[in-house]
Amino acid sequence: MALLISLVSACNKPGSTNDNNYPKQVSITYKVSSTSANSLASVTYDNETGGQTTVNNPALPFMKTITKTVNKNNIITLGYFVNPAQTVKLEILIDNQLVKSQVYTSPNSAMSYTFP
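None of the values given here were measured: they were computed from a predicted structure.

**A word on the pattern of salt bridges**
Move 1: With the rule as written, the count across this model stands at one salt bridge.
Move 2: Glu-91 is the partner of Lys-89 in a salt bridge, and the nearest nitrogen-oxygen pair spans 3.9 Å.

Here it is in structure tokens:
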């Protein structure tokens, strides 16, 4: 019993975070969809090199997967522009796991994800 408590408490120490797992290479998938639009004026996302890529007039649904090396607290963003305003869903997946999803009804918006 004492051994079990010792193991559980060791796993929950404040210093035992995933800090040692960085930098790490991840697969990032950006998804953009809409129930009311077939295309957007543009989609912008953070790319492999740390810059941003803008895709003009993308057909929906839009999906882009990149591989990138990230550090703790790095931030990635995904945004769109459409005119007139439409209902648009943005999603970010890390290693095929959904980490952020948001639905917008404005002509432009963006969301970000911070690596924990």
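**What to know about the environment of Ser-109**
Move 1: Mapping Ser-109 onto the fold places it in strand 8 (residues 108-114).
Move 2: Taking C-alpha positions, Ser-109 is 9.4 Å from Leu-90, a pair spaced 19 residues apart along the chain.
Move 3: Not counting residues up to four positions away in its chain, the partners in contact with Ser-109 are Leu-78, Gly-79, Tyr-80, Leu-90 and Tyr-104.

**Describing the sheet that holds strand 8**
Move 1: Across the sheet, which stays open at both edges, the four strands sit in the order 3-2-5-8 with antiparallel pairing between neighbours. Each of the sheet's edge strands pairs with one partner strand only, and the pair in question is strand 3 (52-56) and strand 8. Direction aside, the axes of adjacent strands within the sheet are offset by 10° on average.
Move 2: Relative to strand 5 (residues 75-81), strand 2 (residues 42-46) is paired through four bridges, and the arrangement is antiparallel. Residue pairing across strands places Thr-44 opposite Gly-79, the latter belonging to strand 5.

**Quick look at the pairing of strand 6 (residues 88-94)**
Move 1: Judged by how many residues are buried, strand 6 sits mostly within the fold: six of seven residues are covered.
Move 2: Bridge count between strand 1 (residues 24-34) and strand 6: seven bridges; the pairing is antiparallel. The partner of Tyr-30 across the bridge, within strand 6, is Ile-92.
Move 3: Here seven bridges tie strand 6 to strand 7 (residues 97-104), and the two strands are oriented antiparallel to one another. Bridge assignment links Leu-93 to a residue of strand 7, and that residue is Leu-98.

**Considerations on the pairing of strand 3**
Move 1: Pairing between strand 2 and strand 3: five bridges, direction antiparallel. Counterpart to Val-43 in the pairing with strand 3 is Val-55.
Move 2: Remark: five residues form the turn of the hairpin made by strand 2 and strand 3, two consecutive strands paired antiparallel; Gly-50 in that turn has positive phi of roughly 95°.

**Topic: the sheet that holds strand 4 (residues 62-70)**
Move 1: Taken in spatial order, the four strands make up an open sheet running 4-1-6-7, and their pairing is antiparallel. Two strands lie at the open edges of the sheet, namely strand 4 and strand 7, each paired on one side alone. Across the sheet, the mean angle separating the axes of adjacent strands is 15° when strand polarity is ignored.

**Topic: the packing of aromatic side chains**
Move 1: Taken as a whole and assessed by the stated rule, the structure comprises four aromatic pairs.
Move 2: Between Tyr-45 and Phe-62, the aromatic rings sit 6.4 Å apart at their centres with planes inclined by 35°, giving tilted as the arrangement. You can see Tyr-45 sitting in strand 2 and its partner Phe-62 sitting in strand 4, a full 17 residues away along the chain.
Move 3: Ring centres of Tyr-80 and Tyr-104 lie 6.2 Å apart, and the angle between their planes is 50°; on these two criteria the pair is classed as tilted. Taken together, the residues span a long stretch of sequence, with Tyr-80 in strand 5 and Tyr-104 in strand 7 at a distance of 24 residues.

Calculation criteria
- Residues numbered from 1 in each chain as written.
- Predicted model: local features only at pLDDT ≥ 70, side-chain atom pairs only at ≥ 80, totals over all residues.
- Heavy atoms only, no water.
- Salt bridge = Lys/Arg side-chain N within 4 Å of Asp/Glu carboxyl O.
- Helix = DSSP H or I, 4+ residues; strand = E, 2+ residues; numbered from the N terminus.
- Contact = heavy atoms within 4.5 Å.
- Pairing = 2+ DSSP bridges.
- Axes fitted to C-alpha atoms, helices over the stretch in contact; angles between N-to-C directions.
- Buried < 20%, exposed > 50% of the residue type's maximum accessible area, 1.4 Å probe, protein only.
- Phe/Tyr/Trp six-rings, centres within 6.5 Å; stacked < 30°, edge-to-face > 60°.

Any link to function would need more than the numbers given here.
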